[in-house]
Every structure is written in structure tokens, then in C-alpha cells.
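Here are the chains, one letter per residue:
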Amino acid sequence: AFREGWVVPEPPKTRTGKTVAVVGSGPAGLAAADMLNRNGHAVTVYERDEKPGGLLMYGIPNMKLEKDRVQRRLDLLEEEGIKFECGVEVGKDTSAAELRKQHDAVVLASCCLRS
């Protein structure tokens, strides 16, 4: 579908004026960001790692999921208006309270890590 040019960016026709922070860019965070953006909200995804994708990029081996396919979808989301803030650890680099001040809503879609 991508090679044939059938998949093209479809940004929302109208915006609600509301902003939403999505914490985490794994499958759940990306799905939430996509749906919120399609409904006209301005979405910023905050990711602790240097690149978005979470489990899709860092947890699934290349032989099972090629990373260029994930990147292609991330590029499409960005072209549709979703912003990605990478290298930001919520609770360390910024606080949940700060996100609440900056946005109308916050979606927590982060993973659980063991130290």
C-alpha cells in the first residue's frame, strides 16, 4: 500500500483547540496519539528513548518486524501533525504536573522497566 502510494497523510480537517500529551510511544501510545489527532486534538508524544516506537523499535527483533516499516508509520504520524519529544523522561526531565499545566489532557501509555 505504501509502495503504491495508497497510504498518504490525512491530517484532520479541523482542530479542536485542545492539546493532549501522550507519555510513551509504544503501540498503545502511538494508537492513542493517532486517534486523538484524527479527532482534531493537537498531540505531543513524550518518549524517554532517543527515538519513538517503544517496544516496536527496541523490543521486537528485526527479523520479526523491520524497523523501516515502523519508521515509515512514525513519519506518517508526524506528517499528520503529531509532535514527538524524544529524550524526555517524565518524572525526571519534566513532571506530570508540568504536563498537566501545558496540556488539556494527559494519556499515560508508558511501559514498566526494571532497573
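These remarks concern the structure in this document. Every value quoted in this text rests on a predicted model; they were computed, and no experiment measured them.

About the criteria used
Residues numbered from 1 in each chain as written. Predicted model: local features only at pLDDT ≥ 70, side-chain atom pairs only at ≥ 80, totals over all residues. Heavy atoms only, no water. Core = buried A, V, L, I, M, F, W, Y, C linked by side-chain atoms within 4.5 Å. Buried < 20%, exposed > 50% of the residue type's maximum accessible area, 1.4 Å probe, protein only. Helix = DSSP H or I, 4+ residues; strand = E, 2+ residues; numbered from the N terminus. Contact = heavy atoms within 4.5 Å. Pairing = 2+ DSSP bridges. Axes fitted to C-alpha atoms, helices over the stretch in contact; angles between N-to-C directions. Salt bridge = Lys/Arg side-chain N within 4 Å of Asp/Glu carboxyl O.

**Points about the nonpolar core**
- In terms of nonpolar packing, the biggest core is built from 12 residues, these being Val20, Val22, Leu30, Ala33, Val43, Val45, Met57, Val70, Leu74, Leu77, Ile82 and Phe84.
- At the level of elements, β1 (19-23), α1 (27-38), β2 (42-47) and α3 (67-79) are the ones that each hand at least two residues to this core.
- When residues in this core are grouped by element, the largest group, 3 residues, is from α3.
- Among all residues touching valine 70, those that are not within four sequence positions of it are Leu56, Met57 and Leu65.

**Topic: the sheet that holds strand β4 (residues 105-108)**
- Taken in spatial order, the 4 strands make up an open sheet running β3-β2-β1-β4, and their pairing is parallel. Each edge of the open sheet is held by one strand with a lone partner, namely β3 (83-86) and β4. Averaged over all neighbouring strand pairs, the angle between strand axes comes to 20°, with direction disregarded.
- Of the pairings in the sheet, the one linking β1 to β2 comprises 5 bridges and is parallel in character. By the bridge assignment for β2, alanine 21 is matched with threonine 44.

**Digging into the environment of valine 8**
- Mapped onto the secondary structure, valine 8 falls in the segment before β1.
- For valine 8 and arginine 100, which are 92 residues apart along the polypeptide, the C-alpha to C-alpha distance reads 32 Å.
- Those residues in contact with valine 8, other than ones at most four positions away along the chain, are Leu76 and Glu80.

**Re the pattern of salt bridges**
- This structure, assessed with the given rule, holds 3 salt bridges.
- We note a salt bridge from arginine 38 to aspartate 34, for which the minimum N-O separation is 3.0 Å. In this pair, arginine 38 and aspartate 34 both sit in helix α1, 4 residues apart, roughly one turn of the helix.
- Looking at arginine 38, the relative accessible area reads 46%, which means it is partly exposed.
- With its nearest N and O atoms 3.6 Å apart, the salt bridge here joins arginine 69 to glutamate 66.

**Digging into the environment of threonine 44**
- The topology assignment puts threonine 44 in strand β2.
- Using a relative accessible area of 11% as the deciding quantity, one classes threonine 44 as buried.
- In this structure, the C-alpha to C-alpha distance between threonine 44 and alanine 21, residues 23 residues apart in sequence, is 5.0 Å.
- Beyond its immediate stretch of four places on either side in the chain, threonine 44 contacts Val20, Ala21, Val22, Lys83, Glu85 and His103.

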